[in-house]
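Structural description and commentary
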Amino acid sequence: MSAVLLAAASPSPSPSGSTSPAVPTLKGAQESATNAASWVQQNWSTWLAIGLRVLLILVIAGVLRMVVRRAITKLIERMNRTAQAVDGTALGGLLVNVERRRQRSHAIGSVLRSVASFVIMGTAALMVLAAFEINLAPLLASAGVAGVAIGFGARNLVTDFLSGVFMILEDQYGVGDTIDAGVASGEVIEVGLRVTKLRGDNGEIWYVRNGEVKRIGNLSQGWATAGVDVTVRASEDLDKVRRTLKNVAEQMSKEEPWNELLWSPIEVLGLDSVLLDSMVVRITAKTMPGKSLTVERELRWRIKRAFDAADIRIVGGATAPVEQSEVTDPAEAVAAPSVYANSASAQHQAATPITPSTSSSSPNSISSNSNTGK
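Values in this document were obtained by computation on a predicted structure and should not be read as measured data.

**Re the overall build of the chain**
When helices and strands are tallied, the chain shows 12 helices and eight strands. Put simply, the chain has 374 residues, and 25% of those count as buried. In the chain, once contacts between residues fewer than 6 apart in sequence are set aside, the share between residues at least 24 apart is 63%.

Right, here's the structure in full:
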């Protein structure tokens, strides 16, 4: 049988006399298989150790990632429960509402989970490459150079991103707040890690980069202050003015919806300034955030009506009466240039220089002199 196989495997002579490539024989195949089996037998322990190490790294990374993400989720849920506990109380009124805290906590949780996943899985990938005995020095050097290049090229993007993260973490503002960002002001309609969207007073939408914001004035947190200055004549009775203002404040504090917008009694602070012909009385009150302008307008409306009923005059600017005098029209002295050319016009006579009193005999003397010369 072996002779038949050898005969079949032996090459037949070609007519041209050239030799064809040698076909592997059965003996060569057996030798190759034996060498492969011996190589596997010698290195199987190494490959098994590498596989177990890679599997262990992946399992540990997956378990650690799951534990960290679950811990972040539990932390976010605890923050939401704390916000719900204080909602509806006096403290909750001074803080942000539950919906805003929920949005903020979800945004923080998303950022933290993404950062944790990137760090854990990136470290696991490097450890897997190291398990295969791959030199990580060129890879880390290339990553460092690429990171530096990207950092220089996209430094504004990195600045915007980091500023957005800290704005969310510090709860500087949220959706629904009215803020003054320096470059623009309005109501916040969207808070992103790179750009914040504001709705202006005229309906326009402002896209403000978080890295460009140097200061933030939040008009919707805590409480606001409504202040009204009332200017009256210096001769008014101060006790009467104070009594009228207190009646207006008490009546406004009892009516809806002003009793909900006012978070403290309206106070008459007293005289803010005293001038020769007027004096300024200052009124202030704490209001709901963002409602100070509404309260100020209503206060001015009620004060004006109350002062009219009490015969108290509100003054402003120049309070002295203007004396009636004869007012000359400045256009009367203005005339067309052609009028001055007419020697009989009033403008021409007014513009003619006044001649001296001794100049009346001058023409005769001049004429006599001229005649004498003739």
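Resuming the write-up.
**Brief notes about the nonpolar core**
Val230, Leu245, Ile266, Val295, Ile303 and Phe307 are the most contacted members of the largest nonpolar core, which totals 25 residues. Of all the secondary-structure elements, those providing two or more residues to this core are β6 (224-233), α7 (238-254), α8 (258-261), β8 (278-287) and α9 (292-309). When residues no more than four places from it in sequence are discounted, the contact partners of Val230 are Met279, Val280, Val281, Ile283, Ile303 and Phe307. In terms of nonpolar packing, the next biggest core, distinct from the first, is built from nine residues, Met167, Ala184, Leu198 and Val208 among them.

**A word on the packing of α7 against α9**
Running from N to C, α7 and α9 point in directions that differ by 130 degrees, and their axes come no closer than 10 Å. In terms of axis orientation, α7 runs oblique to α9. At the point where α7 passes α9, the crossing takes the right-handed sense. The segment α7 lies against α9, with Val241, Thr244, Leu245, Val248, Gln251 and Met252 engaging Val295, Glu298, Leu299, Arg302, Ile303, Ala306 and Phe307. In terms of residue class, the contact of α7 with α9 is made up of nine nonpolar, two polar and two charged.

**Describing the sheet that holds strand β3 (residues 195-199)**
In spatial order, the strands read β4-β3-β2-β1-β5; together these five strands make up an open sheet with antiparallel pairing. On the outer flanks of this sheet lie β4 (205-209) and β5 (217-218), each paired with one strand and no other. As judged from the two bridges shared by strand β1 (residues 178-180) and β5, these two strands associate in the antiparallel manner. Following the sheet pairing, Ile179 is matched in β5 by Asn218.

**Let's talk about α9**
In a regular helix each residue adds 1.5 Å, so 18 residues correspond to 26 Å; α9 covers 26 Å between its end C-alpha atoms and thus fits that length. In the core, the buried residues of α9 are packed alongside β6, α7, α8 and β8.

**Things to note about unusual backbone geometry**
Cis geometry is found at the peptide bond from Glu256 to Pro257, where omega equals -5 degrees. By the element assignment, Pro257 lies in the loop between α7 and α8. Despite not being glycine, Asp311 has its phi angle at roughly 60 degrees, a positive value. Within the fold, Asp311 resides in the loop between α9 and α10 (337-341). By relative accessible area, which is 64% here, Asp311 ends up exposed.

**Looking at the packing of aromatic side chains**
One pass over the structure, following the stated rule, counts zero aromatic pairs. The ring of Trp223 carries the charged tip of Lys286 above its face, separated from the ring centre by 4.2 Å.

**Details of the sheet that holds β6**
Across the sheet, which stays open at both edges, the three strands sit in the order β6-β8-β7 with antiparallel pairing between neighbours. Lying at the two open borders of the sheet, with one neighbouring strand each, are β6 and β7 (267-274). Between one strand axis and the next, the sheet turns through 25 degrees on average, direction left out of account. Contacting β7 and β8, α7 crosses the sheet at an angle of about 140 degrees to β7. Against the sheet, α9 makes contact with β6 and β8, and its axis sits at roughly 25 degrees relative to β6, the strand it touches most.

**A few points about the pattern of salt bridges**
Scanning the entire structure with this criterion turns up 10 salt bridges. The partner of Glu190 in a salt bridge is Lys197, and the shortest N-O contact between them spans 3.2 Å. Here Glu212 and Arg209 are joined by a salt bridge, their closest N and O atoms 3.5 Å apart. For Glu212, a relative accessible area of 40% puts it in the partly exposed group. On the accessibility criterion, Arg209 (29% relative accessible area) is partly exposed.

**Some thoughts on helix α6 (residues 155-169)**
Look at α6: 21 Å from first C-alpha to last across 15 residues, which is about the 21 Å you get at 1.5 Å a residue. For α6, the set of buried residues is Asp160, Gly164, Val165, Met167 and Ile168. The buried side chains of α6 occupy one side of the element, clustering within an arc of 165 degrees when seen end-on. Of the residues trailing α6, Asp171 is marked for its positive phi of about 55 degrees.

**Topic: the confidence of the model for the chain**
Mean pLDDT for the chain: 75, with 69% of residues reaching 70 or above. Confidence, expressed as mean pLDDT per element, reaches its minimum in the chain at helix α1 (residues 2-9) with 41 and its maximum at β4 with 91. Contacts for the low-pLDDT stretch residues 86-96, under 50 throughout, to residues beyond four places or in other chains number 11 contacts.

**Things to note about a positive patch on the surface**
A surface patch of like charges, here positive, comprises Arg70, Lys74, Arg78 and Arg81. Considering the arrangement of structural elements, one finds Lys74 in helix α2 (residues 26-86). For Lys74, a relative accessible area of 52% gives the class exposed.

Basis of the calculations
- Residues numbered from 1 in each chain as written.
- Predicted model: local features only at pLDDT ≥ 70, side-chain atom pairs only at ≥ 80, totals over all residues.
- Heavy atoms only, no water.
- Helix = DSSP H or I, 4+ residues; strand = E, 2+ residues; numbered from the N terminus.
- Buried < 20%, exposed > 50% of the residue type's maximum accessible area, 1.4 Å probe, protein only.
- Contact = heavy atoms within 4.5 Å.
- Core = buried A, V, L, I, M, F, W, Y, C linked by side-chain atoms within 4.5 Å.
- Axes fitted to C-alpha atoms, helices over the stretch in contact; angles between N-to-C directions.
- Parallel < 35°, antiparallel > 145°, perpendicular 65-115°, else oblique.
- Left-handed = near helix turned anticlockwise from the far one by under 90°.
- Nonpolar A, V, L, I, M, F, W, Y, C, P; charged D, E, K, R; others polar.
- Pairing = 2+ DSSP bridges.
- Expected span 1.5 Å × (residues − 1).
- Phe/Tyr/Trp six-rings, centres within 6.5 Å; stacked < 30°, edge-to-face > 60°.
- Lys NZ or Arg CZ within 6 Å of the ring centre and 35° of its normal.
- Salt bridge = Lys/Arg side-chain N within 4 Å of Asp/Glu carboxyl O.
- Arc of directions from axis to C-beta.
- pLDDT = per-residue confidence, 0-100.
- Patch = residues over 30% accessible without salt bridge, like charges linked within 9 Å, V, L, I, M, F, W, Y side chains within 5 Å.
- Areas by Shrake-Rupley, 256 points an atom, 1.4 Å probe, with all protein chains shown as cover.
- Lys, Arg positive; Asp, Glu negative; His and termini not counted.
- Charge placed at Lys NZ, Arg CZ, Asp CG, Glu CD.

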